[in-house]
Each structure stands twice: as structure tokens, then as C-alpha cells.
Amino acid sequence: MPIAQSLLPEFDQEMKTTRKILERIPEAEPEWKPHAKSFAIGDLALHVANLPTWTKMTLDLSELEINPPGGFQRPVFSTTQAMVADFDKNVKEAREALSNASDQQLMEPWTLIKDGVRLFTLPKVAVLRTWVMNHLIHHRGQLSVYLRLNDIAVPGVYGPSADEAM
């Protein structure tokens, strides 16, 4: 079985679960944060919604400068519906890119650069698992805590939650 095909069931399940969390992000206070050092809920949700775009970037490029000259324009939270629509588009494009990736392409090296300094070089498949999937799962977990702290029902992720049965 090709590597990409072995990743797709996990990708599909994690994106489905992530969407359930994103659908519950409240629009009323996108700047709410549990601590001064934390991401605001709207910013964190946008970050999660945009992480699937790293799939295509990883597969199409051999390196990425994350602090390019002129800086990076962070998206601004507008509505939950718009964010979920962007997430759906990003997931569709990411899934298509992953579906078409060859084993050879997935084993090619990929480098992350910040301010001209190489932070790491890994095979693209490792970047997809770590910097796309695991990174998304980590921040999705943070969002589930943000929901709990705001008395918003937390959906089941890997089984039932305290708020709902699967």
C-alpha cells in the first residue's frame, strides 16, 4: 500500500473530529483567552482551520521560510461559519494533494526556515505527521479546553465526552 493511502483514513478521521470542535467556536468574543500568554480563541481556531494548508505546501515545496521579509499576514476571525467554510476548503485541497503524493515524493527532504536560519530538515511524510496532523491535534485539544472553560459542550473526539454520547 502506498504511504499516502495509509495516511488518508487517519487524516479523514482527524479532520472530521476537528470540524466538530471548530463548529462550536463562539463568535461573540473571539478575543477571549484563558491566560494572558494564550492565543485568543478566534486566533487559535483560525490557526487550526489553516493548518491543513501545510499539506500542499509541504508536498509542493522543499523548504518554507515562516517569517518572510515583509512578515506574515495573520487571518482575522470574522464568523464561525466563514472559518468552517475555509477549513472545509483547506481540507479538500489537502486531501487531494495527499491522495496524489507518491512514496518517492513523501520521502523527499523538507526544510523549515525562520529568519534565514534552518530549523530542521525532515522527510515530507514526517512533516505531514508532525507539523500538520500532530500540530493540528495539539491545538484542537487546546480548543476543547477553551470550549469547556466557556461552558460550551465539548464534542466527543476519541470516544464520548462528558457532554454527549457518541
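Refer to the structure presented above.
What counts as what
- Residues numbered from 1 in each chain as written.
- Predicted model: local features only at pLDDT ≥ 70, side-chain atom pairs only at ≥ 80, totals over all residues.
- Heavy atoms only, no water.
- Helix = DSSP H or I, 4+ residues; strand = E, 2+ residues; numbered from the N terminus.
- Buried < 20%, exposed > 50% of the residue type's maximum accessible area, 1.4 Å probe, protein only.
- Contact = heavy atoms within 4.5 Å.
- Phe/Tyr/Trp six-rings, centres within 6.5 Å; stacked < 30°, edge-to-face > 60°.
- Core = buried A, V, L, I, M, F, W, Y, C linked by side-chain atoms within 4.5 Å.

Peer 1: Which residues make up the side chain of T55, and what values go with them?
Peer 2: Mapped onto the elements of the fold, T55 is located in helix α3 (residues 53-60). Since its relative accessible area comes to 2%, T55 is described here as buried. Each residue touching T55, except ones within four places of it in the same chain, is listed here: F11, A94, L98, L128 and V132.

Peer 1: Provide a residue-level description of the packing of aromatic side chains, including the pertinent values.
Peer 2: Taken as a whole and judged by the stated rule, the model has four aromatic pairs. Residues F120 and W131 carry aromatic rings whose centres are separated by 5.3 Å and whose planes lie at 15° to one another, so their mutual orientation is stacked. Taken as a pair, F120 in strand β3 (residues 117-123) and W131 in helix α6 (residues 124-149) lie far apart in primary sequence, 11 residues in all. For F120, a relative accessible area of 17% gives the class buried. Taken together, the ring pairs in this structure connect W54, W110, F120 and W131 into an aromatic cluster.

Peer 1: Account for the nonpolar core, with residues named and values stated.
Peer 2: In this structure, L22, I25, M83 and L143 are the most contacted members of the largest nonpolar core, which totals 42 residues. Listing elements by their share of this core, those giving two or more residues are α1 (3-22), α2 (41-50), α3, α4 (80-99), β2 (109-114) and α6. Setting aside its immediate chain neighbours within four residues, L143 contacts I21, L22, I25, I41, L44, A45 and V48.

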